[in-house]
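# What the coordinates show
The primary structure of each chain is shown beneath.
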Amino acid sequence: MIISVASGKGGTGKTTVATNLAVSLDEQVQFLDCDVEEPNAHLFLKPRMEHKETIWAPVPQVDEERCTLCGKCAEICQFKAIVVIGETVLPFHELCHSCGGCVEVCPEKAITETGRELGVVERGHRNGIRFIHGLLRVGEAMSPPLIKKVRSYAGPESITIIDAPPGTSCPVIAAMNGVDFVLLVTEPTPFGLYDLELAVGAVRTLGIPHGLVINRSDIGDDRVRMYAKEEKIPVLMEIPFDRAIAETYSIGRLMVEEMPHWKEKFRNLYKDIAQLAKGK
Ligand code: SF4
Ligand code: SF4
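Residues numbered from 1 in each chain as written. Chains lettered and ligands numbered in written order. Predicted model: local features only at pLDDT ≥ 70, side-chain atom pairs only at ≥ 80, totals over all residues.

## What about the overall build of the chain?
Test applied: Put simply, DSSP marks the helices as runs of H or I at least four residues long and the strands as runs of E at least two long, and each gets a number from the N terminus on. Exposure classes come from backbone-placed C-beta atoms, where a residue is buried if 20 or more other C-beta atoms lie within 10 Å of its own, exposed if 12 or fewer do, and partly exposed in between. By definition, residue pairs are in contact when their C-beta atoms, positioned from the backbone, come within 7 Å.
Each helix and strand counted, the chain has 11 helices and 11 strands in total. Judged by the C-alpha coordinates and their principal axes, the chain covers about 70 × 45 × 35 Å. A total of 280 residues make up the chain; the buried ones form 43% of that total. Taking the contacts inside the chain whose residues are at least 6 apart along the sequence as the reference set, 75% of them involve residues at least 24 apart.

The structure is reproduced here in structure tokens:
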């Protein structure tokens, strides 16, 4: 069972839900923090890190001695990441999507691959939970390859919980693709509703069963609930706006540790998810 915990916008409590769900379950769990631009699940789960690996993306480098300036590499590149300017061929590594097309088409075998650092992947454990996260290099714009690398370390544990990046663009798709269930965390505000609608559109395009958690459920208005009802999206949990929960979060602690009655609620949340995922 692979569950991706996602949200249309940041700051909705996605990591709170994902981490508390992970520690509430009795089954073997692995936790993948794929919010690689701003990973913070480790602040709550506090895993003991055992491995750290720098991840590189292959990018082209040109041997000017062999290059005849034919322009075939620039023609095939869809991202304008390699161009012929005057008497030279210039690769722009930050724009490169590492497709290898230019290497393939070069008739002179003048292009080889070098590496652009994407970031690091760290792996560790916390009380039986296997933990993996990625940290995108500052200034790096392309997070999907790093997210895919984090996911490639998923082991045979029975339950995988993915903390997905916020939004609805390529990074979140990389964190949702192929999962069994997407748990969308939102808040009952106009901004929350707007971003939720976009997120639901993305999940439906991928054809993944999904449900909602409404965080800070007693602020704002009823439009998120009305939308969920109209669209037949099950609301699986509501978390009220509670000072004690906010304080727990602010000191890097988990709700289920400080307020044990939440543990049962998160277990029930998992049961509902398992039921809905089974019916897919
Ligand atoms: S590897 Fe692909 S994206 Fe990168 S420069 Fe070559 S053709 Fe363009
Ligand atoms: S395809 Fe090869 S030979 Fe042609 S311009 Fe590019 S690097 Fe030079």
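## Let's talk about the pairing of strand E2 (residues 29–33)
What counts is decided by this rule: Strands qualify as paired when DSSP identifies two bridges or more between them.
Along E2, 5 of the 5 residues are buried, which leaves the element largely enclosed by surrounding structure. Every second residue of E2 is oriented toward a common face, with Val29, Phe31 and Asp33 on one face and Gln30 and Leu32 on the other, all of them buried. For E2 and strand E8 (residues 159–163), the ladder comprises 5 bridges, and the chain directions are parallel. The residue of E8 that forms the bridge with phenylalanine 31 is isoleucine 161.

## Brief notes about the nonpolar core
Rules: Each nonpolar core reported here comprises buried Ala, Val, Leu, Ile, Met, Phe, Trp, Tyr and Cys residues connected via C-beta atoms within 7 Å.
By size, the foremost hydrophobic cluster in this structure holds 64 residues, and its most contacted members are Val5, Ile161 and Leu183. Broken down by element, this core gets its largest block of residues, 6 residues, from helix H7 (residues 190–206). In this view, isoleucine 161 contacts Ile3, Val5, Ala18, Leu21, Ala22, Val29 and Phe31; residues no more than four positions away in its chain are not counted. Residues Val62, Cys73, Cys77 and Ile111 belong to the second largest nonpolar core, which totals 12 residues.

## Concerning the site of ligand 1
We count it as follows: As a rule, any residue with its backbone-derived C-beta atom within 6 Å of a molecule or strand is reported as near that molecule or strand. Polar here means any residue other than Ala, Val, Leu, Ile, Met, Phe, Trp, Tyr, Cys and Pro, which are nonpolar, and Asp, Glu, Lys and Arg, which are charged; Gly is therefore polar.
Around ligand 1 lies a shell of 14 residues, among which Cys77, Cys96, Cys99, Gly101 and Cys102 are the nearest. Its residues placed into classes, the shell around ligand 1 shows 10 nonpolar, 4 polar and no charged.

## Here's the deal with the environment of isoleucine 129
Along the chain, isoleucine 129 falls in strand E7 (residues 129–136). Each C-alpha atom, one on isoleucine 129 and one on glutamate 157, is 9.2 Å from the other, the two residues being 28 residues apart in sequence. Setting aside residues no more than four positions away along its own chain, isoleucine 129 makes contact with Ala22, Val23, Val29, Gln30, Phe31 and Leu45.

## Observations regarding the sheet that holds strand E6 (residues 111–126)
The following threshold applies: Axes here mean lines fitted to C-alpha atoms, for a helix over just the part in contact, with angles spanning 0 to 180 degrees between N-to-C directions.
Read across the sheet, 9 strands follow the order E3-E6-E7-E2-E8-E1-E9-E10-E11 without closing on themselves; strand pairing throughout is mixed. Two strands close off the open sheet at either side, each with one partner strand: strand E3 (48–62) and strand E11 (235–239). Within the sheet, the average angular offset between the axes of one strand and its neighbour, ignoring direction, is 20 degrees. Direction of pairing for E6 relative to E7: antiparallel, over a ladder of 8 bridges. Pairing of glycine 119 across the sheet is with leucine 136, part of E7. Lying over the sheet, helix H1 (residues 14–24) contacts strand E1 (2–6), E2, E7, E8, strand E9 (181–186) and strand E10 (210–215), oriented at roughly 165 degrees with respect to E8.

## Focus on the domain arrangement of the chain
Quick reminder of the rule: Annotation comment: domain bounds sourced from an automatic or database domain assignment.
Domain annotation of the chain identifies domain 1 (2–55 + 118–278) and domain 2 (57–117). Look at where the C-alpha atoms of domain 1 and domain 2 centre, and you get two points 38 Å apart. On the side of domain 2, 5 residues touch domain 1, which itself brings 5 residues to the contact. Its residues placed into classes, the side of domain 1 that touches domain 2 shows 3 nonpolar, 1 polar and 1 charged.

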